[in-house]
Amino acid sequence: MIPIITAFEQSPDRGQGLARDTRVRWALEEVGQPYEVRLVSFRAMKESSHLGRHPFGQIPTYEEGNLALFETGAIVFHIAECHAGLLPEDANARARAITWIFAALNTVEPPILELANAKLLESDRSWSQERLPLVEARVRNRLDQLSVRLGNAEWLDRAFSAGDLMMVSVLLRLKSSGILDEFPNLATYVTRGEGRPAYKRAFAAQLAVFTDRGFGRGKCDA
Ligand code: GTB
């Protein structure tokens, strides 16, 4: 059964790979599972047919036969459970890899999202400039802790796992902020993740949505 995922018809990031379908595409590419994509507009995401798939009217979703999932953590975990390649066989190593999925989503991603929201949604507020250093400090604190744990290792727990896939996906959001570069081992870790052939295929596929629909064309292109 070929799974179907949903993605933005027109991603606000213009194909930079920051929308969360990229991490699902990446997981599918890592395990060699072909997939189809249903593109949805912002309006369609709030309509009943999509709300039946995703109660919060968001992307991505994942459908496979009778199964419909939302939340990237659940989707990536499901893919990793059903296919070899993203979770270790050893029970304890597997549990640790799953722990890193949760750590990425529950402990590292929230301050990063807070920073994105502070910059994108609050910059016109009178208190924004005063608050920003506090939000940035929370991100730096988490990155500092993660950086210490990663040390000189390639991946968080020996072999690459779904935990790394999720952590790299979460950290990618910081690339344009410059904060990631303050932690050279984390910056290298992210680059290592981006260098995986499966990530490159996932990135190219989401970028193609943008360029194939003509959104990426410059004013002077034919
Ligand atoms: N916890 C959910 C998950 O992990 O699946 C969060 C899903 C989510 O936030 N989806 C976003 C969405 O559908 C798209 S990815 N938003 C529309 C809405 O809520 O109405 C978040 C995202 C969007 C855009 C950028 N960007 O342009 O840089 C980056 C990330």
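Keep in mind it's a predicted model, so treat the numbers as computed, not measured. (Residues numbered from 1 in each chain as written. Predicted model: local features only at pLDDT ≥ 70, side-chain atom pairs only at ≥ 80, totals over all residues. Heavy atoms only, no water.)

A.B. asks: Whenever I open this one, the sheet that holds strand E3 (residues 61-64) confuses me. Can you help?
C.D. replies: Strands in a sheet are paired, the pairing made by backbone hydrogen bonds, and the direction either parallel or antiparallel. Within the open sheet, the four strands sit side by side as E2-E1-E3-E4. Their pairing is mixed. Each edge of the open sheet is held by one strand with a lone partner, namely strand E2 (36-40) and strand E4 (67-70). Taking each pair of neighbouring strands and ignoring which way they run, the sheet shows an average axis angle of 25°. Pairing between strand E1 (residues 4-8) and E2: five bridges, direction parallel. Residue pairing in the sheet places Ala-7 in a bridge with Leu-39 of E2. Each of E3 and E4 is contacted by helix H4 (residues 72-82), which is oriented at about 130° to E4, the strand it contacts most. (Pairing = 2+ DSSP bridges. Helix = DSSP H or I, 4+ residues; strand = E, 2+ residues; numbered from the N terminus. Axes fitted to C-alpha atoms, helices over the stretch in contact; angles between N-to-C directions. Contact = heavy atoms within 4.5 Å.)

A.B. asks: It is not clear to me how the site of the ligand should be interpreted in this structure. Could you clarify?
C.D. replies: Residues in close proximity to the ligand total 14 residues, the closest being Arg-20, Lys-46, Ile-59, Glu-71 and Thr-72. At 3.0 Å, a side-chain N or O of Gln-58 approaches an oxygen atom of the ligand. Separating a nitrogen atom of the ligand from a side-chain N or O atom of Glu-71 is a distance of 2.7 Å. Taken together, the residues that form the shell around the ligand break down as seven nonpolar, two polar and five charged. (Near = heavy atom within 4 Å. Polar contact = N/O pair within 3.5 Å; in protein donor to acceptor, adjacent residues only side chain to side chain. Nonpolar A, V, L, I, M, F, W, Y, C, P; charged D, E, K, R; others polar.)

A.B. asks: Help me out: how do you make sense of the domain arrangement of the chain in this one?
C.D. replies: One frequent convention defines the size of an interface as the accessible area lost when the parts assemble. Domain parsing of the chain yields domain 1 (4-85 + 198-212) and domain 2 (91-196). Each of domain 1 and domain 2 has a C-alpha centre, and the two are 21 Å apart. Across the boundary between the two partners, domain 1 contributes 15 residues, which contact 19 residues of domain 2. Of all residues in domain 1, Arg-23, Trp-26 and Tyr-199 give up the largest surface area on contact with domain 2, accounting jointly for 37% of the area buried on that side. At the boundary of domain 1 and domain 2, one finds four salt bridges. The tally of links between domain 1 and domain 2 comes to seven residue pairs in polar contact (both at pLDDT 80 or more). Every element with two or more residues in the side of domain 1 that touches domain 2 is listed here: helix H1 (21-31), H4 and helix H9 (197-212). In terms of residue count, H4 provides more of the side of domain 1 that touches domain 2 than any other element does, six residues in total. A class-by-class count of the residues in the side of domain 1 that touches domain 2 yields eight nonpolar, two polar and five charged. (Domains from an automatic or database assignment. Buried area = accessible area lost by both parts, 1.4 Å probe. Salt bridge = Lys/Arg side-chain N within 4 Å of Asp/Glu carboxyl O.)

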